[in-house]
Amino acid sequence: MFFACQRENPQVFALSQEKNKQQMPTDVHREIARREKADIQLIAKRYDWHLKQTPSGLLYELSNVHENSSMPQSGDIVSISGSISLPSGVSIFDSQKDSIKTFQVNRSEDFVGLHELLQLMHEGDSANAIIPSFLAYGLSGDGDKIGGATSLICKIKLVNINKK
C-alpha cells in the first residue's frame, strides 16, 4: 500500500508564506527598537541623567535655563557649541575641535531630533539629550560614522539665535 502525503492547499500555503514575509520585517524592527530602548536606558543611567520625553520620543534635560531669553523658531539661524557622539564615544561633532555649528532650524539637513531639541531651548540654555535613531539617521545610518539604528548623545549649548 502506498500513502501519499497530502500538502496544504497551495493557495493557503502561498498566503501563509507571504504573511511570514510581511511579519518578519515587523519582528526585526520591534527587536531593533527593544534593543535601542535598553541601550538608551543604560546611557541615561551611565550619565545619571533625569530625562523628559517628548511625544516623538526625544529624551532630554535642560540646564542653565534662561527663561527670559528667546527660543528658536523654524527658519531662525542658530549656533550651538558642545558635542554630539555615538554611544560608543565616537565623536560626530565637537565644538572644541570643529568650531561652533551654525545652521537654520528646520531647514538644514541636520537630523530632525536636533531641530526638535533646539526648539525646546532658550538662547543660552544647555541640554543633554539622547536622540533615538528614528529621530537621527534611521535604520540605514549616514553611510559614514553613524551606523543604522544608532542613537546619538547630545551635550549642547544654544549659543546664539538670529531671528529670520
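For the structure itself, consult the block above.
Structure report, in brief.

Criteria and thresholds
- Residues numbered from 1 in each chain as written.
- Predicted model: local features only at pLDDT ≥ 70, side-chain atom pairs only at ≥ 80, totals over all residues.
- Heavy atoms only, no water.
- Helix = DSSP H or I, 4+ residues; strand = E, 2+ residues; numbered from the N terminus.
- Contact = heavy atoms within 4.5 Å.
- Salt bridge = Lys/Arg side-chain N within 4 Å of Asp/Glu carboxyl O.
- Buried < 20%, exposed > 50% of the residue type's maximum accessible area, 1.4 Å probe, protein only.
- 1 Å grid on protein atoms, 1.4 Å probe; cavity = no way out; pocket = protein on both sides within 12 Å on 5 of 7 lines; lining within 4 Å.
- Points joined across faces, edges and corners; volume = space filled by probe spheres on them.
- Nonpolar A, V, L, I, M, F, W, Y, C, P; charged D, E, K, R; others polar.
- Phe/Tyr/Trp six-rings, centres within 6.5 Å; stacked < 30°, edge-to-face > 60°.

Let's talk about the environment of S63
Among the structural elements, S63 can be located in strand β2 (residues 59-63). In this structure the C-alpha to C-alpha distance between S63 and K157, which are 94 residues apart in sequence, comes to 9.3 Å. Apart from residues lying up to four places away in sequence, S63 is in contact with D125 and S126.

A short note on the pattern of salt bridges
Under the criterion given, the structure shown has 5 salt bridges. Across the salt bridge formed by D27 and R30, the nearest N and O atoms sit 3.7 Å from each other. Highlighted residues: D27 and R30, both in helix α1 (residues 10-47), separated by 3 residues, approximately one helical turn. Using a relative accessible area of 38% as the deciding quantity, one classes D27 as partly exposed. By relative accessible area, R30 is classed as exposed at 53%. A salt bridge links D76 to K163, with the nearest nitrogen and oxygen atoms 3.1 Å apart.

Some remarks on unusual backbone geometry
Even without glycine at this site, D48 takes up a positive phi of about 55°. In this fold, D48 is placed in the loop between α1 and β1 (52-53). Taking relative accessible area as the criterion, D48 reaches 54% and is therefore assigned exposed. A positive phi angle is found at N64, which is not glycine, with a value near 50°.

Some words on the environment of S74
Within the element layout of this structure, S74 appears in the loop between β2 and β3 (77-85). Exposure remark for S74: the relative accessible area of 26% places this residue in the partly exposed category. With near-sequence residues (within four places) excluded, S74 lies in contact with V105, N106, R107, Q119 and K164.

Quick word on the layout of surface pockets
Counted as a void, the largest pocket has a volume near 230 Å³. Forming the walls of the largest pocket are A33, E36, K37, I40, Q41, A44, L51, Q53, G57, L59, P132 and F134. The dominant element in the lining of the largest pocket, judged by the number of residues it contributes, is α1, at 6 residues. Residues of the lining of the largest pocket, tallied by class, amount to 7 nonpolar, 3 polar and 2 charged.

As for the side chain of S95
Within the fold, S95 resides in helix α2 (residues 95-98). Contacts of S95, omitting those with residues within four sequence positions, involve S81, G82 and I100.

Overview of the packing of aromatic side chains
Aromatic ring pairs are defined here through the distance separating the ring centres and the angle between the ring planes. The final tally for this structure, using the stated rule, is 2 aromatic pairs. Plain terms: the ring middles of F111 and Y137 are 5.7 Å apart, the flat faces sit at 55° to each other, and that makes the pair tilted. On the criterion of sequence distance, the pair formed by F111 in the loop between β5 (101-104) and α3 (112-118) and Y137 in the loop between β6 (126-131) and β7 (152-162) is long-range, its members being 26 residues apart. On the basis of relative accessibility, which here comes to 5%, the residue F111 falls in the buried class. Residue Y137 is classed as partly exposed on the basis of its relative accessible area, which comes to 27%.

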